[in-house]
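# Observations on the three-dimensional arrangement
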Amino acid sequence: YGASEGLDVLVIESNLPGGQAGSSSRIENYLGFPTGISGLDLTGRAYAQAQKFGAEVMVAKGAAKLVCANPRYAVQLEDGGRIEARVVIIATGAQYRRPALENLSGFEGAGVYYLATPMEAQLCVGQDVVVVGGGNSAGQAAVFLASTARRVHMLVRGPGLAETMSRYLIRRIEENPPIVLRTRTEILALEGNGRLERIDWRNDENGQLERHDIGHVFVMTGATPNTKWLDGCVAVDDKGFVKTGPDLSTEDLAISNWTVARSPFLLETSRPGIFAVGDVRGGNVKRVASAVGEGSIAVAFVHQVLRQ
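Note that the structure is predicted; figures quoted are calculated from it, not measured.

In the structure shown here, the tally under the stated rule is 3 aromatic pairs. Here the aromatic rings of Tyr 30 and Phe 33 are separated by 6.0 Å at their centres, their planes lie at 20 degrees, and the arrangement is stacked. On the basis of relative accessible area, Tyr 30 is assigned to the buried category, the value being 18%. Using a relative accessible area of 23% as the deciding quantity, one classes Phe 33 as partly exposed. Between Tyr 113 and Phe 218, the ring centres sit 5.1 Å apart and the planes meet at 35 degrees, which makes this aromatic pair tilted. Taken together, the residues Tyr 113 in strand β8 (residues 112–113) and Phe 218 in strand β15 (residues 217–219) connect sequence positions 105 residues apart. With respect to burial, Tyr 113 and Phe 218 carry one shared label: buried. We note Lys 52 situated over the ring of Phe 53; from NZ or CZ to the ring centre the distance is 4.7 Å.

Turning next to the sheet that holds strand β5 (residues 82–85). Ordered in space as β3-β4-β5, the 3 strands form an open sheet in which the pairing is antiparallel. The open sheet has two edge strands with one neighbour each: β3 (63–67) and β5. Direction aside, neighbouring strands of the sheet carry axes that sit 20 degrees apart on average. The pairing of strand β4 (residues 73–77) with β5 spans 4 bridges and is antiparallel. Each bridged residue has a counterpart across the sheet, and for Gln 76 the counterpart in β5 is Arg 82.

Now for the state of the cysteines. Evaluation of the coordinates by the stated rule reveals 1 disulfide. Covalent S-S linkage joins Cys 68 and Cys 233, the inter-sulfur distance amounting to 2.0 Å. With a gap of 165 residues between them, Cys 68 in the loop between β3 and β4 and Cys 233 in the loop between β16 (223–225) and α7 (250–255) connect regions that are remote in the sequence. Of the two residues, Cys 68 and Cys 233, neither departs from the other in class, the shared state being buried.

Next up on the list: the pairing of strand β13 (residues 198–203). In this sheet, β13 lies alongside strand β12 (residues 185–191) in antiparallel orientation, the contact comprising 6 bridges. Residue pairing in the sheet places Glu 191 in a bridge with Arg 198 of β13. Where β13 lies against strand β14 (residues 209–212), 4 bridges are found, and the strand directions are antiparallel. Residue pairing across strands places Trp 201 opposite Glu 210, the latter belonging to β14. Joining the antiparallel neighbours β13 and β14 is a turn of 5 residues, in which Gly 207 adopts a positive phi near 80 degrees.

Conventions we followed
Residues numbered from 1 in each chain as written. Predicted model: local features only at pLDDT ≥ 70, side-chain atom pairs only at ≥ 80, totals over all residues. Heavy atoms only, no water. Phe/Tyr/Trp six-rings, centres within 6.5 Å; stacked < 30°, edge-to-face > 60°. Buried < 20%, exposed > 50% of the residue type's maximum accessible area, 1.4 Å probe, protein only. Helix = DSSP H or I, 4+ residues; strand = E, 2+ residues; numbered from the N terminus. Lys NZ or Arg CZ within 6 Å of the ring centre and 35° of its normal. Pairing = 2+ DSSP bridges. Axes fitted to C-alpha atoms, helices over the stretch in contact; angles between N-to-C directions. Disulfide = S-S within 2.5 Å.

Everything listed here is a matter of coordinates, which is why it stays silent on function.
What follows is the structure, given as C-alpha cells:
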C-alpha cells in the first residue's frame, strides 16, 4: 500500500516474506477466495505485488534494535547496519509457543512442526498425527491434515473449543470423522531415534496416561510477540504486545515523551510516526484480512504524519 501510493518503502524481513499468514495451510475466510487459498500462495502474490509497485524488500536481515532517541528514527540491523526513516511500521508478528518438553528441539523438523503445508501433509499420508492447540490455526491444520492422515488427534488443555475457535471450524471438526478431539489433554514426552517415533500424553481430568506410536506432531499453541528488539522504545502491554491508538494511556505518552499536540492516530504507538500492525499489536484481530486492512489504514495515517 505504501509503495502503490508513492512512498519510498523498504521492507526488512529476517525470513521469507509472509510471516504467520505464509505458514497457514489454508485460509478459507479471506474475502474473494470462496474455495480458500494457501498462505504461501497468498503471501507470494502479495510479495510480487509489492515489488511491482516499487517496494524494496531486504530478506535475511533481522532488526536488532529500534532507535528512537533522535528526531529521525532508525532501525539497527543484526549485521551492524543502520537504516534511518521518517516513519516506521512495526509488523514483526509473533512466535509460536513451545511446550515445555526437554527434548523438543531435537525433533523440530523431524516429527515436530509449527505449520501444516502440503509438504508436511505428504509426510503424513495414511498415518496418525497429533495437533496441539485449540485456536483457529490448530483447527485449520487439523481439517487440512485430515484429508491425508488416517487419524488426527487434536489435543487441547481446556474443556473444549468454543472459547478459542471460530464456529465454522468447530463444525467442520465435528463433521470430520478422522479428527478425534481430546480435551484436557497434554503431551508429556517425546521419544525417537533421530526422528519422532512415540508420544506420551495424559488426560488431566482422569489422570490416564497413554503411549502411541505417532511420528508427527503439529504444535499450534498460541504466540508471543516479537517485540524484544524494540528495546523499550514504545509502550507495550503486560504480555509484550505493542499498545496503539486509544489503548495508550496518558502515562504511556508521558514516559515516551510524546512531542506533538495531537493524540496518537489509530494504530500509532507511543512515538509519533511509529505504527504497529498485525499480530504484534495489542488487541489484534487474528485474521489475515484484518492484518491486511491494518496495513492499509496505517499507510493512510503515514501520509498525515509526513505532511505535519
